[in-house]
Amino acid sequence: MTTRSLTTLFTGGAFFEGPRWHDGTWWVSDFYRHTISRIGTDGAEQVVAEVAGQPSGLGWLPDGTLVAVSMKDHRLLRVADGETSELADLTERCGGHLNDLVVDEAGRVYTGDFGFDLMGGGAAGTASLKRVDPDGTVTVVAEGLQFPNGMVITPDGGTLLVDETLGNRVTAFDLAPDGSLTGRRVFAQLGPEVTGATTEEVLGQLVVAPDGCTLDTEGHLWIADAVGGRAARLSPGGEVVDEVRAPEGLGVFACALGGDDGRTLLLCSAPDFYEHNRAPAREAVLLTTTVDVPHAGRP
């Protein structure tokens with residue numbers, strides 16, 4: 001595997017998630033500063049909006065409107081001119097915090113939730129994928145996922161990949177023109193199926209915990225390995241063919257391909273993901289490196 005140098009783009013965050021390259025700049029959510037920001041390639045930050053309910057996944061509707069997850073109150077928000085408005089309330093369909101998202105070409109938003117009280121140490125449970133149509137209608141399109149997390153849509157619009165963080169796997173669905181999901185199958189199984197009554201029991205069995213992810217033009221998927229301190233590049237079938245490791249003491253919880261040529265890999269890094277540790281600290285960083293194969297698909 002290639003040894004790459006890392007460049008620090010930005011320091012002083014609490015916990016970064018949802019990285020995206022859009023309109024010539026990076027965009028990120030910061031859970032515990034409650035901010036959505038643009039980060040220039042020079043490292044300059046512009047706060048775009050504040051989300052009291054804790055921002056996460058980001059995406060754009062066909063008309064250019066930014067949409068963002070508000071995690072703790074299970075809402076999907078529109079963001080315009082620094083102000084937020086509600087697109088949909090998904091509370092009735094969430095067993096835990098709302099999480100990441102991806103937007104398809106028609107402006108339909110796919111999003112998942114934790115499925116249980118992760119930060120409170122609740123018993124691990126499964127969760128569903130929800131589709132939010134442009135009019136705000138919410139439809140459950142898949143159930144029984146183990147902590148659905150980062151998602152991508154292939155360039156042809158026909159496949160949705162979703163990381164199941166507590167399932168040691170990436171799952172694929174056929175994405176139909178009407179927005180329905182069928183043909184559920186394993187894209188990459190990265191470890192055995194995990195069992196356990198508590199969060200700690202499940203976390204202790206994880207071999208690879210795929211968190212955020214980003215797709216490249218060869219159909220390989222870069223995943224943030226939340227227990228391995230790295231971003232790993234997966235071939236279809238699950239072979240790790242490349243990796244980028246964070247500096248010692250840091251984990252990697254999200255990643256995105258971007259830059260003008262699509263070959264810059266951005267890593268969202270922090271010492272851990274626990275709210276009681278991250279909220280009062282400013283130890284999260286954004287790191288970049290250059291890879292050979294550029295970005296593809298959505299986001």
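A brief structural summary.

What counts, and at which threshold
- Residues numbered from 1 in each chain as written.
- Predicted model: local features only at pLDDT ≥ 70, side-chain atom pairs only at ≥ 80, totals over all residues.
- Heavy atoms only, no water.
- Helix = DSSP H or I, 4+ residues; strand = E, 2+ residues; numbered from the N terminus.
- Pairing = 2+ DSSP bridges.
- Axes fitted to C-alpha atoms, helices over the stretch in contact; angles between N-to-C directions.
- Phe/Tyr/Trp six-rings, centres within 6.5 Å; stacked < 30°, edge-to-face > 60°.
- Buried < 20%, exposed > 50% of the residue type's maximum accessible area, 1.4 Å probe, protein only.

What to know about unusual backbone geometry
The residue after R298, namely P299, is reached through a cis peptide bond having omega -10°. The residue P299 is located in the segment after β24 (284–290) in this model. Non-glycine residue D81 carries a positive phi angle of around 55°. Topologically, D81 is positioned in the loop between β8 (75–80) and β9 (83–89). Even without being a glycine, N168 presents a positive backbone phi close to 55°. In this fold, N168 is placed in the loop between β15 (159–164) and β16 (169–175).

Here we look at the sheet that holds strand β2 (residues 16–22)
Strand order across the open sheet formed by 4 strands is β2-β3-β4-β5, with antiparallel pairing between neighbours. With one partner strand each, in any of the chains shown, β2 and β5 (45–50) form the two edges of the open sheet. Across the sheet, the mean angle separating the axes of adjacent strands is 25° when strand polarity is ignored. Bridge count for β2 against strand β3 (residues 25–30) is 5 bridges, and the pairing is antiparallel. Looking across to β3, one finds that H22 is bridged to T25.

Some thoughts on the packing of aromatic side chains
Inspection of every chain in the model, using the stated rule, returns 10 aromatic pairs. The interplanar angle of 70° and the centroid separation of 5.9 Å between the aromatic rings of F10 and F16 together place this pair among those described as edge-to-face. Each member of the pair, F10 as well as F16, carries the same accessibility label: buried. Summarising the aromatic geometry, the rings of F31 and Y32 are spaced 5.6 Å apart at their centres and angled 85° between planes, so their arrangement reads as edge-to-face. An identical accessibility class is assigned to F31 and Y32; each is buried. By way of ring pairs, the aromatic residues F15, F31, Y32, F253, F273 and Y274 are connected into one cluster.

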